[in-house]
Amino acid sequence: MAFLMKSMLSNQVKNLGLGGGGEENKEENTPSDPAAAAGMTREEYEEYQKQVVEEKMERDAAFAQKKAERACLRVHLREKYRLPKVSLE
């Protein structure tokens, strides 16, 4: 019941123009340049993007290495205990 009252009241206030107009202004005032939106110069933004890409590559490489180590360990344990390979597909 409280939700219904709140939604009805907020809709009426938005229709009167007393509230809800802030969302439209925010959309109009957003700069098209991502560097300006982040509050950086173009050079800083490009350097930041390079750093983000390098960090992602490092994380992906670490993940791939851990995944390979786990696979190797699974194979070793299957051979040691003569377990069948289970397929989840």
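Residues numbered from 1 in each chain as written. Predicted model: local features only at pLDDT ≥ 70, side-chain atom pairs only at ≥ 80, totals over all residues. Heavy atoms only, no water.

Caption draft 1: The arrangement of the overall build of the protein chain in detail. A tally of regular secondary structure across the protein chain gives four helices and zero strands. In sequence order, the protein chain lays out its α and β elements as α-α-α-α. By the burial criterion, 2% of the 89 residues in the protein chain qualify as buried. For the protein chain, the exposed surface amounts to about 8,600 Å²; the carbon and sulfur share of it is 57%. (Helix = DSSP H or I, 4+ residues; strand = E, 2+ residues; numbered from the N terminus. Buried < 20%, exposed > 50% of the residue type's maximum accessible area, 1.4 Å probe, protein only. Areas by Shrake-Rupley, 256 points an atom, 1.4 Å probe, with all protein chains shown as cover.)

Caption draft 2: Up close: the pattern of salt bridges. For the structure on display, the rule yields two salt bridges. Between Asp33 and Arg42 there is a salt bridge, with the nearest N and O atoms lying 3.0 Å from each other. Of the residues examined, Arg42 reaches a relative accessible area of 42% and is grouped as partly exposed. Close ionic contact of Asp60 with Lys56 constitutes a salt bridge, the shortest N to O distance being 3.0 Å. One end of the pair is Asp60 and the other is Lys56, both in helix H4 (residues 42-81) and four residues apart, which spans about a single turn. On the basis of relative accessible area, Lys56 is assigned to the partly exposed category, the value being 43%. (Salt bridge = Lys/Arg side-chain N within 4 Å of Asp/Glu carboxyl O.)

Caption draft 3: Looking closely at a nonpolar patch on the surface. Taken together, the side chains of Leu73, Leu77, Tyr81 and Leu83 define a hydrophobic patch exposed on the protein surface, amounting to about 410 Å² of accessible area. Note on placement: Leu73 falls in helix H4. (Patch = residues over 30% accessible without salt bridge, like charges linked within 9 Å, V, L, I, M, F, W, Y side chains within 5 Å.)

Caption draft 4: Fine view of unusual backbone geometry. Non-glycine residue Arg82 carries a positive phi angle of around 55 degrees. Mapped onto the fold, Arg82 is located in the segment after H4. For Arg82, a relative accessible area of 77% puts it in the exposed group.

Caption draft 5: Fine view of a positive patch on the surface. A grouping of Lys66, Lys67, Arg70, Arg74 and Lys85 is seen on the molecular surface, where their side chains present a positively charged patch. By the secondary structure assignment, Lys66 is in helix H4. (Lys, Arg positive; Asp, Glu negative; His and termini not counted. Charge placed at Lys NZ, Arg CZ, Asp CG, Glu CD.)

Caption draft 6: Examining a negative patch on the surface more closely. Where like charges cluster on the molecular surface, the negative patch consists of Glu47, Glu54, Glu55 and Glu58. Looking at the element boundaries, Glu55 is found in helix H4. Residue class for Glu55 comes out partly exposed when judged on its relative accessible area of 36%.

Caption draft 7: Layout of the environment of Met40. By the element assignment, Met40 lies in the loop between helix H3 (34-38) and H4. Here Met40 is in contact with Ala35, Tyr45 and Tyr48, once residues within four sequence places are set aside. (Contact = heavy atoms within 4.5 Å.)

That's the geometry; what it means functionally is another story.
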